Each structure stands twice: as structure tokens, then as C-alpha cells.
Amino acid sequence: MKILTFGYNEDTLNTQIEILDESLNTKKATLNILCLKSFDDEDYYELDIDEDEYEISNLKFNDLGNNCYEILFNASIKISDEKWENAENKFKKNAEDGFIEVEFDIECDNEMFEEGDHFEKQSDGQTELFID
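Let me begin by describing the structure that accompanies this report. (Residues numbered from 1 in each chain as written. Predicted model: local features only at pLDDT ≥ 70, side-chain atom pairs only at ≥ 80, totals over all residues. Heavy atoms only, no water.)

Adjacent strands of a sheet pair through backbone hydrogen bonds, lying either parallel or antiparallel. Spatially, β4-β3-β7-β8 is the arrangement adopted by the four strands of the open sheet, whose pairing is antiparallel. The sheet is open, and its two borders are formed by β4 (44–48) and β8 (111–113), each paired with just one other strand. Neighbour to neighbour, the strand axes of the sheet diverge by 30° on average, direction disregarded. Examined bridge by bridge, strand β3 (residues 30–39) and β4 share five bridges and lie antiparallel to one another. Paired with Lys37 across the strands is Glu46, a residue of β4. Its contacts with the sheet put helix α2 (residues 89–97) on β3, β4 and β7 (100–108), and the angle it makes with β3 is roughly 95°. (Pairing = 2+ DSSP bridges. Helix = DSSP H or I, 4+ residues; strand = E, 2+ residues; numbered from the N terminus. Axes fitted to C-alpha atoms, helices over the stretch in contact; angles between N-to-C directions. Contact = heavy atoms within 4.5 Å.)

As a further point, take the nonpolar core. A general feature of soluble globular proteins is that nonpolar side chains tend to end up buried together. Counting 33 residues, the largest nonpolar core has Phe6, Ile17, Leu36 and Ile106 as its most contacted members. With six residues, the top contributor of residues to this core is strand β6 (residues 68–79). (Core = buried A, V, L, I, M, F, W, Y, C linked by side-chain atoms within 4.5 Å. Buried < 20%, exposed > 50% of the residue type's maximum accessible area, 1.4 Å probe, protein only.)

As a further point, take the side chain of His118. Its place among the elements puts His118 in the loop between β8 and β9 (119–123). With relative accessibility at 17%, the residue His118 sits in the buried group. Only 3.0 Å separates the side chain of His118 from the side chain of Asp21, close enough to count as a polar contact. Residues within four places of His118 in sequence aside, it is in contact with Ile19, Leu20, Asp21, Met112 and Phe113. (Polar contact = N/O pair within 3.5 Å; in protein donor to acceptor, adjacent residues only side chain to side chain.)

Okay, structure coming up:
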């Protein structure tokens, strides 16, 4: 089993969003990770993440004003060796050599809030991925 860990915090470039749906309460919100993305000069490469593969801790939505928030959190993802072996080689190489971004939805009061419909990214966060 591979354990992938990363964090968005005071020392990283963090994702910033603008909330478009007033019913999304950041005090009750959780993140649902959809995939990890690595990139190079040519393209982005993705690794899909299942709900039962990750754990998020220290989730914070820092209010930046005007319905905009900076998102900070730590994540631990446990995936099978087989899934890691089957991941695209360009994803793995770029993830190990550079930075990753995280695609996610936000859940609040058992309702799913999706990017584009309920919130918009103002900037993508970038951080290092650690692979054990």
C-alpha cells in the first residue's frame, strides 16, 4: 500500500475560492477530493481518488472578504500498490519531481457543492506530494 501525504498551509501556495451559493456554510463544510493533478510544460496528468482512500485533517477556510476564502488542510491518501503501479507514469514523475494540485467538491449539510456551479477557484493551490 502506498501512502500519499500533502498539506496546504502557511508555507504553500493555497487554493482560493469565491463562494457563489450563499447556502454553503464554511463552518460546516468538508472537502471531497476528486483527483490529484501533476503537470509539466506540456499538460496536466491526473490520479483519481476514491472517497474511501483519503483522510483530511486541519481543514480551515480563511475568510479573505467578498465571499472569497483561502483553503488550508492536510491529507493522507492510502492507495493500493496496484493502483499506484497503474497510474500514468507522467503523473508519477511530475508528482515526485514537482508540485501537485487538488480537484475537490465541497460538502455541507449533506449537500454537494461543485466547482463552477457553487464556487469558483480564484487560484489553484500547489504543494509537494510525499510518497511512502
